[in-house]
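Residues per chain, in single letters:
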Amino acid sequence: MEGQAHSHPTVGTYVRVFGILVIVTIIEVGVFYVPAFQKLLVPLLLTLSAFKFVLVVMFYMHLKSDSRFFTFLFGVPLLLAVAVIAALLLLFGVLQIG
Amino acid sequence: MSHATSMGLPSRKMAFWAFIGSECLLFGSLISTYLIYKGRSLEGPTPHEILNIPLTSVSTFDLLMSSLMMVLALAAVQRGDRKWANIWLFATAFLGMIFLGFQAYEFTAFVHEGLTLQRNLFGATFFVLTGTHGAHVTVGVIWLLTLWSIGLRGRLTPDKALNVEIAGLYWHFVDVVWIVIFTLVYLLQ
């Protein structure tokens, strides 16, 4: 069976990952409404968002257990996209170094 | 039917990962355009005046739930459980349709409040970014409903699991794009 050339996570793992995703989303929304977190809002939300992104890609898209070549096919354009976003934000003064 | 490449990997899956990679660049360009023009609108409405966080949080939960349904559908197809494969596939598509309903409601409310594609830079970049994502969700829903109809005819057997896995890759990619949009557009106003 070509779709089962590698071992996928179990149903229990899928449900646990979903639980973590929901908890992190609740934390994200909570952080947004708490004034004490306003100074740390950007790094905090970006970290939480990146964590959710990695969880979905690793477990639901199976990159954790699948061929490393798929990680390469996805990772290289993803890094390129992040680099382009960062470069454009620097170029237009949205991000500033120092 | 999918042929294995010289690396022993299914060629369709490899091609689809390359496609998802190209989609990263598409959404990267739309996200950077939104961020560059954020706060540069000459007139309102502005993001903090109009964005509805509670509503969008519910639609985010909906999309996360649909991703769980999708992996459960794939697991059911792989073990040959046709009944639950059909149930989970339809549930995924249904949750996708609910997400689209939330988006249609949000867009309609924004237009009534004066935010259109032509109104200001925020409107132009917001509608293009979230609209492109919504178009991807629509394609995903049609794809899932097609698989579901194939499943209803009993043709979604374990040897066809790759078809469901590739549809799942697309659906989860749409989900991760929304994870990024939810943070960058809605929470970091």
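Every value quoted in this text rests on a predicted model; they were computed, and no experiment measured them.

Draft legend 1. Spatial organisation of the overall build of chain B. Looking only at helices and strands, chain B has six helices and zero strands in total. When the helices and strands of chain B are read in sequence order from the N terminus, they spell out α-α-α-α-α-α. Across its three principal axes, chain B shows a C-alpha extent of roughly 55 × 35 × 20 Å. Counted over contacts in chain B with a minimum sequence separation of 6, partners at least 24 positions apart contribute 80%.

Draft legend 2. Seen up close, the overall build of chain A. A tally of regular secondary structure across chain A gives three helices and zero strands. When its helices and strands are written in sequence order, chain A yields α-α-α. Relative to the 2.2 N^0.38 estimate, which gives 13 Å for 98 residues, the radius of gyration of chain A is 17 Å and therefore markedly larger than a compact globule would have. C-alpha extents for chain A along the principal axes are approximately 50 × 30 × 15 Å. Across the 98 residues of chain A, 26% fall into the buried class. Partitioning the contacts of chain A with sequence separation of at least 6, the portion at a separation of at least 24 is 55%.

Draft legend 3. How the structure looks around the domain arrangement of chain A. If you check the domain split of chain A, you get domain 1 (9-66) and domain 2 (67-98). The C-alpha-based centres of domain 1 of chain A and domain 2 of chain A are spaced at 20 Å.

Draft legend 4. Representation of the packing of helix α1 (residues 11-37) of chain B against helix α5 (residues 121-152) of chain B within the structure. Residues and elements named next belong to chain B. Where α1 contacts α5, the two axes come as close as 9 Å, and the packing angle between them is 160 degrees. The angle between α1 and α5 places the two elements in the roughly antiparallel class. Viewed along their axes, α1 and α5 form a crossing whose handedness is left-handed. Every residue of α5 that contacts α1 at Leu30, Ile31, Thr33, Tyr34 and Tyr37 is listed here: Leu121, Thr125, Phe126, Val128, Leu129 and Thr132. Among the residues forming the contact of α1 with α5, the class breakdown is eight nonpolar, three polar and no charged.

Draft legend 5. Main features of the interface of chain B and chain A. Contact with chain B, which involves 42 residues of that partner, is made by 40 residues of chain A. Counting residues per element, the ones that place at least two in the side of chain B that touches chain A are α1, α3 (53-78) and α6 (161-187) of chain B. No other element matches the 13 residues that α1 of chain B contributes to the side of chain B that touches chain A. Tallied by class, residues from the side of chain B that touches chain A come to 28 nonpolar, eleven polar and three charged.

Draft legend 6. Representation of the packing of α3 of chain B against α6 of chain B. Residues and elements named next belong to chain B. It is the contact of α3 with α6, at a shortest axis distance of 10 Å, that shows an interaxial angle of 160 degrees. With respect to their mutual orientation, α3 and α6 come out roughly antiparallel. For the pair α3 and α6, the sense of crossing is left-handed. For the pair α3 and α6, the contacting residues are Ile53, Thr56, Thr60, Leu63, Leu64, Ser67, Met70, Val71, Ala73, Leu74, Val77 and Gln78 in the first and Ala161, Val164, Glu165, Gly168, Trp171, His172, Asp175, Trp178, Phe182 and Tyr186 in the second. Across the contact of α3 with α6, the residue classes tally to 14 nonpolar, six polar and two charged.

Draft legend 7. The arrangement of unusual backbone geometry in detail. Residue Pro45 of chain B follows Gly44 of chain B across a cis peptide bond; omega there is -5 degrees. Considering the arrangement of structural elements, one finds Pro45 of chain B in the loop between α1 and α2 (47-50). At His62 of chain A, a position not held by glycine, the phi torsion is positive, near 65 degrees. For His62 of chain A, the position within the fold is in the loop between α2 (41-60) and α3 (68-91).

Draft legend 8. How the structure looks around the nonpolar core. Ranked by internal contacts, the top residues of the largest apolar core, which has 71 residues, are Val71, Leu72, Ala73, Leu74, Val77, Leu89 and Val164 of chain B. Of all the elements in the fold, those that place two or more residues in this core are α1 (11-33), α2 and α3 of chain A together with α1, α3, α4 (82-112), α5 and α6 of chain B. With 19 residues, the top contributor of residues to this core is α6 of chain B. A domain-level breakdown of this core finds at least three residues from each of domain 1 (9-66) and domain 2 (67-98) of chain A.

Cut-offs used in this document
- Residues numbered from 1 in each chain as written.
- Chains lettered and ligands numbered in written order.
- Predicted model: local features only at pLDDT ≥ 70, side-chain atom pairs only at ≥ 80, totals over all residues.
- Helix = DSSP H or I, 4+ residues; strand = E, 2+ residues; numbered from the N terminus.
- Contact = placed C-beta atoms within 7 Å.
- Rg over C-alpha atoms; globule rule 2.2 N^0.38 Å.
- Buried ≥ 20, exposed ≤ 12 C-beta atoms within 10 Å, placed from the backbone.
- Domains from an automatic or database assignment.
- Axes fitted to C-alpha atoms, helices over the stretch in contact; angles between N-to-C directions.
- Parallel < 35°, antiparallel > 145°, perpendicular 65-115°, else oblique.
- Left-handed = near helix turned anticlockwise from the far one by under 90°.
- Nonpolar A, V, L, I, M, F, W, Y, C, P; charged D, E, K, R; others polar.
- Core = buried A, V, L, I, M, F, W, Y, C linked by C-beta atoms within 7 Å.

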